[in-house]
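# Observations on chain architecture
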Amino acid sequence: MRMIRKRSGTRGGGGPARGRLRAALGGATTVLLTATALAALPQTTAHAADTLGAAAAEKGRYFGAAVAANHLGEAQYAATLDREFNSITPENEMKWDAVEPNRGSFSFSRADQIVDHAQGKGMKVRGHTLVWHSQLPGWVSGLGATDLRSAMNNHITQVMTHYKGEIHSWDVVNEAFQDGGSGARRSSPFQDKLGDGFIEEAFRTARAADPNAKLCYNDYNTDGVNAKSNAVYTMVRDFKSRGVPIDCVGFQSHFNPNSPVPSDYRANLQRFADLGVDVQITELDIEGSGQAQATNYGNVVRACLAVTRCTGITVWGIPDKYSWRSSGTPLLFDDDYNKKPAYDAALSALGGTPGDPGDPGGPGDPTAACTATYSTAEQWSGGYNGKVTITAGGSPITGWSVDVTLASPQQVVSVWNGSPTSNGNVMTVRSTWNGSLAAGASTSFGFTVNGGTTPPPQVGACTAS
């Protein structure tokens, strides 16, 4: 279980406020829950092989999605994310123009929203991206070489320090090589003013900022053996031979009928892994529909599973309607969050079992769906009051239940607005008077914990009826 550490840097809203123990718990239920084996629990507590994240975890991998902060308030978006995935990549919220729009002035609030959501659900987070030629604020391009070097290193250090211990892998440098047959570096402010050495410098700065994060180089059109992937391969081999800190290579894997999954995809992943780095499929989407799209998704998943050091897959979005190329319908869920044949193919390739069409979350049936979101209401030196908000999906529900897992020596001493039962270190809370919710409506339950404030509880998927 990943511990949530206090972040360095400034966050919107300030630090946690000190609170007092809830004095009047009208109708509260008293329960004692101890936790001694939190780390041994799987992150998904139900439908162990029926979701992408759970099936990938059984293979020792993650299956993640790129997430936009402005969609997290949409019930079906959050429900699908929380049910299916065990890793999150912010789409744009960690890019340079988002976090440092003005030199030396950092804004992390939207990225924090995504990281906080992931941590509340026990998901991993990939950091994307630190140094990239695109989505740069205008002030960066206007700097001279000396100032640019200082600004690049400060940006890496400040962003990584803010999230130190919370990001499992960082895309340190993104898309630094040209397309085509030259294998040359791409023109950018960094390349043009700092030269070839800027990538190595970025990686060394990143290692100093967070020694425990995996440091990745990430690019597109490198999925098969070609001039561009050969150039990246040569750079990685050189870095490894000289002790430059690089831990992983990301393959974006944006496919379409004109740029299909290459026949040497698996072999290409393997040759990078043989250099002693992990490989990650970082931005997967495959244009198309029906069985052809499903076959391609299945092939990509099987290729990753065949390479021991392929540690995970991230799809670049959740429903087709929010894809950066939505007209090509490239994702696993359609505009209404129905599972596509491509979803079943990916899940089957992972060794999971696709659900029946009538199952909650299955095609054409948004009924009996809900999401659970955790927040800390009050906190003091020895404990806190926790709040879980339940939100119905696209149809009304008549009841709900949620698992809450705590770490030793924390104990739940009171619960209100819900009926609790305990099993080891897991407390299951079911609805009482507040089970009937209209589509999109919310309610909440709360609980008091003694025995420490960290780590926060892990809240499982919401089960509705």
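Structural notes, computed from the coordinates. In this text, all values refer to a predicted model and were calculated from it rather than measured experimentally.

Rules used in this analysis
Residues numbered from 1 in each chain as written. Predicted model: local features only at pLDDT ≥ 70, side-chain atom pairs only at ≥ 80, totals over all residues. Heavy atoms only, no water. Helix = DSSP H or I, 4+ residues; strand = E, 2+ residues; numbered from the N terminus. Buried < 20%, exposed > 50% of the residue type's maximum accessible area, 1.4 Å probe, protein only. Areas by Shrake-Rupley, 256 points an atom, 1.4 Å probe, with all protein chains shown as cover. Salt bridge = Lys/Arg side-chain N within 4 Å of Asp/Glu carboxyl O. Pairing = 2+ DSSP bridges. Axes fitted to C-alpha atoms, helices over the stretch in contact; angles between N-to-C directions. Expected span 1.5 Å × (residues − 1). Core = buried A, V, L, I, M, F, W, Y, C linked by side-chain atoms within 4.5 Å. Contact = heavy atoms within 4.5 Å. Phe/Tyr/Trp six-rings, centres within 6.5 Å; stacked < 30°, edge-to-face > 60°. Lys NZ or Arg CZ within 6 Å of the ring centre and 35° of its normal.

### Things to note about the overall build of the chain
Per the secondary structure count, the chain includes twelve helices and 18 strands. Counting only residues that meet the buried cut, the chain has 54% of its 465 residues in that class. In the structure as shown, the chain presents an accessible area of about 18100 Å², 48% of it carried by carbon and sulfur atoms.

### Describing the pattern of salt bridges
A complete count under the given rule lists 19 salt bridges for this structure. The closest approach of N and O atoms between R83 and E84, which form a salt bridge, is 3.0 Å. Taking relative accessible area as the criterion, R83 reaches 25% and is therefore assigned partly exposed. As a salt-bridge pair, E200 and R242 come within 2.7 Å of each other at their nearest N and O atoms. One end of the pair, E200, is in helix α8 (residues 197-209); the other, R242, is in helix α9 (residues 227-242), and 42 residues separate them in sequence. The exposure class assigned to R242 is partly exposed, which follows from its relative accessible area of 40%. Three or more residues are tied together by salt bridges with common partners; here these are E200, R204, D238 and R242.

### Comments concerning the sheet that holds strand β13 (residues 411-416)
A sheet is described by the order of its strands in space; here four strands give the open sequence β10-β11-β16-β13, paired in antiparallel fashion. With one partner strand each, in any of the chains shown, β10 (370-380) and β13 form the two edges of the open sheet. Strand-to-strand twist across the sheet, computed as the mean angle between neighbouring axes with direction ignored, equals 25 degrees. Sheet topology note: the β10/strand β11 (residues 383-392) ladder contains ten bridges and is antiparallel. Within the sheet, the bridge partner assigned to E378 lies in β11 and is N385.

### Here we look at helix α6 (residues 145-162)
An α-helical turn contains 3.6 residues, so a residue and the one three or four places further along point in the same direction. For α6, with 18 residues, the first-to-last C-alpha span of 26 Å sits near the 26 Å given by 1.5 Å per residue. Looking only at α6, the buried set comprises L148, A151, M152, N153, H155, I156, V159, M160 and H162.

### A look at the nonpolar core
Counting 94 residues, the largest nonpolar core has F63, W170, V173 and F203 as its most contacted members. When neighbours within four sequence positions are excluded, V173 is seen to be in contact with T129, V131, F198, I199, A202, F203, C216, Y217 and N218. By size, the runner-up hydrophobic cluster in this structure holds 23 residues, among which are C370, A372, V404 and A464.

### Examining the packing of aromatic side chains
Taken as a whole and judged by the stated rule, the model has 16 aromatic pairs. Aromatic pair Y233 and F272: ring centres 5.4 Å apart, planes at 85 degrees, arrangement edge-to-face. Here F272 lies in helix α10 (residues 265-273) and Y233 lies in helix α9, a separation of 39 residues in the sequence. Overall, Y233 belongs to the buried group, its relative accessible area being 18%. Here F255 and Y265 contribute two aromatic rings whose centre-to-centre distance is 5.7 Å and whose plane-to-plane angle is 85 degrees, an arrangement assigned as edge-to-face. Note that F255 is positioned in strand β7 (residues 254-255) and Y265 in helix α10, a separation of ten residues in sequence. Each member of the pair, F255 as well as Y265, carries the same accessibility label: buried. Feature note: the residues W96, W139, F190 and F198 constitute an aromatic cluster, connected by ring pairs. For K228, the ring lying beneath its charged end belongs to Y220, and the centroid distance is 3.6 Å. The lysine or arginine in question, R271, covers the ring of Y233, its NZ or CZ lying 4.7 Å from the ring centre.

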